[in-house]
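As a plain string of letters, each chain reads:
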Amino acid sequence: MKTATTSKKTRSRRSLSKTDRFTLSAFVGIPTLLQILLLWVPAVVTIFLSFTYWNGIRLSDIRWAGIQNYKTIFLNEPLFYEALKNNGVWLAFFVLVATPLGILLAYQVDRGIKGHAFYESIFYLPVVLSLAVIGIIWNFMLQPGGFVQGLMGLDIGNAISIWGNPDINTWVILGVASWRHIGYIMLLYLSGLKSVDPALKEAAAIDGATEWQIFRKIILPTMKPVNIIIVVITLIESLRAFDLVYIIYGSPTIFPLLNLLVFQNFAGQGLSMKGAAYAVILLVLCIVPIITYLRIVFKEDLK
Amino acid sequence: MSENTNSVSRRSLLKGAAVGGLGLVAGSTIATSSADAATRLKGSTVRWTTRGGGATGDKIAKAVNDAFAKKTGAKVVAQQVNSDDFQNNFAQIMQGSPDDAFGWMAGYRSNHFGEMGLLADLTREINRLKPTLPTSAIKGATSPVSKKPYILPTTYYPWALHYRKSMVKEIGMNPEKIDTWDDFIKLMTLTQKKGLVGYSLGAKGGWEAMGTFDILNARINGYKYHIDLLNGRAKWTDAKTKETFKYFAQLIPFMNENVLDISWDGMRDLLLQKKTGAMMMGSWFANDFKAKSQADYDDLWVVPFPEINPKWGIDSIDAPLDGISVAANGKNVAGGKALAQFWASPEGITEAIKAGDTNIYVSKSFDTSSYDSFNKQKLAVLGSAKNIMFFLDRDARGDFAGPVVGPAIQSFIKKPSDINKILESVQAQWDALPKN
């Protein structure tokens, strides 16, 4: 893939005029510069800081810590493993339940089942809300003294513990997050499905393929570019989860997530470079699977 | 509901920060001339942050700030922020474009940031207020490291046992005499029998339950052990610490089942709605009782947490000292200092009390005989102790209290039987902290 584009570039470069070259370098150069400045420089600084002790105020206070921050996280922090578990469950739930549900919905809507326009708008609605707003809405509904508890006739004193109960809160939070994620995936997939040539499906149907066979053998392969996007989005959404939970709890300790721990250790008086170490761990967790996946996919393309 | 408003104010905090930023660009050309204070302040803009407090907080701030503006001719622009958010983002706010003066907390929270150069040195202002301030308050406001004050002490309040007199009467007990451990247990048992919450606790934010831990530890092991423990001179795995959690575990059956779902405002609402027998909390919430109705306020009562170990009696109390700090990076430091001094002066205090502030002021200028009966009782509760603690998250270092002790107490409430494992982890995390 890479070699293919570069050889194409060398071939076409000869015929570029001066203005073209200027425009092109501006279009490529400015975003690259911004990317390096706003993304890679902070990332490198964060990686460096994760090996230091610092409270984030005076530069002269930075002291070398070696791998101590990482050692503390891996050996002494129960919250880290809880967060890892929560992020893992989140990812598994999105991969196994929410994303397939979104795809299924998209498929059904695309087939034009009765009332499909209605379903489409219903499932799409939460997507226009940010996760922070979704957090406010659901917290208002489910917290002690909230709307749902009120409907059940429960006041603050005897309200069911939803956000605080570890057996329940994971599933409620995942349900709320999926509420939005399913619609999002549905929309992405739907736009892809619209571009699948109906003749393909018809031909398969005439050849006697079942609905499931058509989906597996015809739709999925033709939708490959969309599938890649969906896998990556599902991965990233699960690992970077933050806003919804932060809005609900305000503190990162009852339902820890990696991103919440990054924030907690960077915030206020608790500020230490353990936060940077958490950020680096999260970066590795995000980047490694995505790069591996993309490499496999693009390698197949080359063949 | 109240959590919802919290979330909203979290956003308005950001909005406020953005607007503040714009405003500062517009009004940042105020020269700091060497003219005398009054003329220098005239026409300048001083920015003030109220840390929480809702409508009452805004009303009090407006009264004091207006009086200051009238006196000096300066303009005061005030905003209210969510207290927890302001606290959590304090270092960042102070390094950005902070408001000039704001309500803040004594102890580690001001000393640390003062020593780091983010809060202005208020030595001159505290010296001017010296005739009205008791030495203990000045000592409490002064950093033991740099020997400088970074806060002008104004109010303090007891963390103690609160209940409603009418409810105690209803269960057949004398509300003026809840003073032994047995009384306390009886109060909780009888309230619970009525289908209410015996002892209400919140721990959603991670800090609310620290008040209960502080007092239990001080009652059982004494003041010195408690402070030693918070500063690494005693061990969390010690049998003495475990004993404290044994008592803590005794309280759990009396608690609401949703401890981890509610914060301090949920606790307040439980008492306000007559749904709980007793709770351990800072008396600051009394402002909200008064705002609801005078009858609710008159019904509210506070007593020292009962004695457990006769060796210590009731000799310690969490009594956090609050005051006014000035941002070193503010656009109008001189104005901020003048405003802070006004807030801490007898004049400012009078305005605040007129506007409905029920806090107890440290200032000697204030005639305590005019206090209402609840405030007199607060003074009595404060006076019953000879050792003043500032609360766990002000007595211990910041990268330990919030990130380590808070979640440990939450885990303990989730599963009290895990306490040995939890305490081992707390000690391990203390040992792993960078030491200077």
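Bear in mind the structure is a predicted one, so any value in this text is a computation, not a measurement.

Conventions adopted
- The residue count restarts for each chain, going from 1 along the sequence in the order it is written.
- Working convention: letters from A go to chains and numbers from 1 go to ligands, in the order in which they are written.
- Under the rules for a predicted model, residues below a pLDDT of 70 receive no local features and side-chain atom pairs below 80 are neither given nor counted, while totals for whole chains, interfaces and linings still include all residues.
- Only DSSP runs of H or I reaching four residues or more are called helices, and only runs of E reaching two or more are called strands; each is numbered from the N terminus.
- For the radius of gyration, the atoms used are the C-alpha atoms, and the globule rule reads 2.2 Å times the number of residues raised to 0.38.
- Think of it as a crowd count around each C-beta: if 20 or more other C-beta atoms lie within 10 Å the residue is buried, if 12 or fewer it is exposed, and in between it is partly exposed, with C-beta placed from the backbone throughout.
- For the purpose of contact definition, each residue receives a C-beta atom placed from its backbone, and two residues are in contact when these atoms lie within 7 Å.
- pLDDT is a per-residue confidence score from the predictor, ranging from 0 to 100.
- Note: domain ranges come from an automatic or database domain assignment.
- Classification used: nonpolar for Ala, Val, Leu, Ile, Met, Phe, Trp, Tyr, Cys and Pro, charged for Asp, Glu, Lys and Arg, polar for all others including Gly.
- What a helix should span is 1.5 Å times the count of its residues minus one.
- Note that the arc is defined by the directions from the helix axis to the C-beta atoms.
- Each pair of strands is called paired provided DSSP finds at least two bridges between the two strands.
- To get an axis, fit a line to the C-alpha atoms, keeping to the stretch in contact for a helix; angles then go from 0 to 180 degrees between the N-to-C directions.
- Put simply, angles under 35 degrees are roughly parallel, angles over 145 are roughly antiparallel, angles from 65 to 115 are roughly perpendicular, and the rest are oblique.
- Each crossing is labelled by how the near helix is turned from the far one, with a counterclockwise turn of less than a right angle marking it left-handed and a clockwise turn marking it right-handed.
- One nonpolar core equals one set of buried Ala, Val, Leu, Ile, Met, Phe, Trp, Tyr and Cys residues connected by C-beta atoms within 7 Å.

Here we come to the overall build of chain B. Of regular secondary structure, chain B possesses 21 helices and 12 strands. Relative to its length of 436 residues, chain B is compact, with a C-alpha radius of gyration of 22 Å against a globular reference of 22 Å. Here the C-alpha coordinates of chain B stretch approximately 65 × 50 × 40 Å along the principal axes. Buried residues in chain B amount to 53% of all 436 residues. Considering only intrachain contacts with a sequence separation of at least 6, the fraction spanning at least 24 residues in chain B is 79%.

Another point: the overall build of chain A. Broken down by element type, chain A carries 14 helices and 2 strands. Overall size of chain A, expressed as C-alpha extent along the three principal axes, is 65 × 65 × 35 Å. Relative to its 303 residues, chain A shows a buried fraction of 34%.

Now for the confidence of the model for chain B. Residue and element names in this part refer to chain B. Taken over all residues, the pLDDT of chain B has a mean of 87, while the share at 70 or more is 91%. At the level of individual helices and strands, chain B shows its lowest average pLDDT in helix 1 (residues 2-26), which scores 38, and its highest in helix 12 (residues 239-251), which scores 97. In the predicted structure, residues 1-36 sits below a pLDDT of 50 and forms 33 contacts with residues beyond four places in sequence or in another chain.

The next point concerns the domain arrangement of chain B. Residue and element names in this part refer to chain B. Each domain of chain B was delimited in the assignment, giving domain 1 (2-155 + 321-365) and domain 2 (159-318 + 382-431). On the side of domain 2, 13 residues touch domain 1, which itself brings 14 residues to the contact. Counting residues per element, the side of domain 1 that touches domain 2 draws most heavily on helix 6 (residues 108-115), which supplies 3 residues. The residue inventory of the side of domain 1 that touches domain 2, partitioned by class, reads 5 nonpolar, 7 polar and 2 charged.

For helix 21 (residues 419-431) of chain B, which comprises 13 residues, the first-to-last C-alpha distance of 18 Å matches the rise-based estimate of 18 Å (1.5 Å per residue) to within 8%. What helix 21 of chain B keeps buried is the set I422, S425, V426, Q429 and W430 of chain B. The buried residues of helix 21 of chain B occupy one face: seen down the axis, they fall within an arc of 140°. Across from the buried face of helix 21 of chain B, at angles greater than 90 degrees, the exposed residues are N420 and K421 of chain B. Buried residues along helix 21 of chain B sit against helix 3 (68-76) and helix 4 (78-111) of chain A together with helix 20 (398-414) of chain B.

Residues and elements named next belong to chain B. For strand 3 (residues 101-105), the buried fraction is high: 5 of the 5 residues fall into the buried class. Burial of strand 3 is two-sided: the residues A101, G103 and M105 facing one way and the residues F102 and W104 facing the other way are all buried. When strand 3 meets strand 10 (residues 321-326), the two strands line up antiparallel, connected through 5 bridges. Looking at the pairing, F102 lines up with S325 of strand 10.

Our focus in this paragraph is the interface of chain A and chain B. Taken together, the contact between chain A and chain B spans 39 residues of the former and 46 residues of the latter. Elements that contribute at least two residues to the side of chain A that touches chain B include exactly helix 3, helix 4, helix 6 (131-142), helix 12 (243-249) and helix 13 (258-266) of chain A. Counting residues per element, the side of chain A that touches chain B draws most heavily on helix 6 of chain A, at 3 residues. Counted by class, the side of chain A that touches chain B contains 18 nonpolar, 18 polar and 3 charged residues.

Further remarks concern the packing of helix 8 (residues 166-194) of chain A against helix 11 (residues 224-239) of chain A. All names here are of chain A. In contact at an axis separation of 10 Å, helix 8 and helix 11 are set at 165° when each is read in the N-to-C sense. Classified by the interaxial angle, the pair formed by helix 8 and helix 11 is roughly antiparallel. Along this stretch, helix 8 crosses helix 11, giving a crossing that reads as right-handed. Taking contact as the criterion, the partners of H181, I185, L188, Y189 and G192 in helix 8 are, on helix 11, V226, I229, I230 and E237. Residue composition of the contact of helix 8 with helix 11, by class: 6 nonpolar, 2 polar and 1 charged.

Moving on, we come to the environment of L294 of chain A. Looking at the secondary structure, you find L294 of chain A in helix 14 (residues 274-302). Residue L294 of chain A is classed as partly exposed on the basis of its C-beta count, with 13 C-beta atoms lying within 10 Å.

Helix-helix packing is described using two parameters, namely the angle between the two axes and the distance between the axes. Residues and elements named next belong to chain B. It is at 8 Å that the axes of helix 3 (residues 54-72) and helix 17 (residues 346-354) come closest, and there the two elements cross at 145°. When the axes of helix 3 and helix 17 are compared, the crossing they make is right-handed. Residue-level contacts link I60, A63, V64 and A67 of helix 3 to E347, G348, E351, A352 and K354 of helix 17. The residue makeup of the contact of helix 3 with helix 17, split by class, is 5 nonpolar, 1 polar and 3 charged.

All names here are of chain B. Taken in spatial order, the 6 strands of this open sheet run 2-1-3-10-4-11, and their pairing is mixed. The open sheet has two edge strands, strand 2 (75-81) and strand 11 (360-361), and neither has a second partner. Sheet analysis places strand 4 (residues 152-156) next to strand 10, joined by 3 bridges and oriented antiparallel. Residue P153 lies in a different strand from strand 10, and its bridge partner there is G323. Sheet strands touched by helix 3: strand 1 (45-51) and strand 2. Its angle to strand 2, the strand with the most contacts, is close to 165°. With respect to the sheet, helix 16 (residues 333-344) is in contact with strand 1, strand 2, strand 3, strand 4 and strand 10, its orientation differing from that of strand 10 by roughly 155°.

Next up on the list: the pairing of strand 10 of chain B. One face of the sheet, then the other: side chains in a regular strand alternate in exactly this way. Of all 6 residues in strand 10 of chain B, 6 are buried; the element is thus mostly enclosed. Side chains L321, G323 and S325 of chain B of strand 10 of chain B all project onto a buried face; the interleaved residues D322, I324 and V326 of chain B project onto the opposite face, where all are buried too.

Turning our eyes to something else, we now look at the nonpolar core. Grouped together as the largest cluster of nonpolar side chains are 184 residues, with contacts concentrated most on L244 and V245 of chain A together with L152, L339, A340 and V405 of chain B. The element best represented in this core is helix 4 of chain A, accounting for 11 residues. Domain assignment of the residues forming this core places at least three in each of domain 1 (2-155 + 321-365) and domain 2 (159-318 + 382-431) of chain B. In this structure, V245 of chain A is in contact with I173, F255, L257 and L260 of chain A, ignoring residues within four places of it in sequence.

On to helix 17 of chain B. One full turn of an α-helix is made of 3.6 residues, so residues set three or four places apart face in the same direction. Residue and element names in this part refer to chain B. Those residues of helix 17 not exposed but buried are G348, I349, E351 and A352. In a view along the axis of helix 17, the buried residues occupy a sector of 160°, so they form one face of it. At its buried positions, helix 17 is contacted by helix 3, helix 16 and strand 11. One or two steps after helix 17, the chain reaches G356, where phi turns positive at roughly 105°.

The next subject is unusual backbone geometry. Residues and elements named next belong to chain B. Its identity as a non-glycine residue notwithstanding, K274 has a phi of 55°, on the positive side. Residue F391 is not a glycine yet carries a positive backbone phi of 100°. Position of F391 among the secondary structure elements: in the loop between strand 12 (387-389) and helix 19 (392-395).

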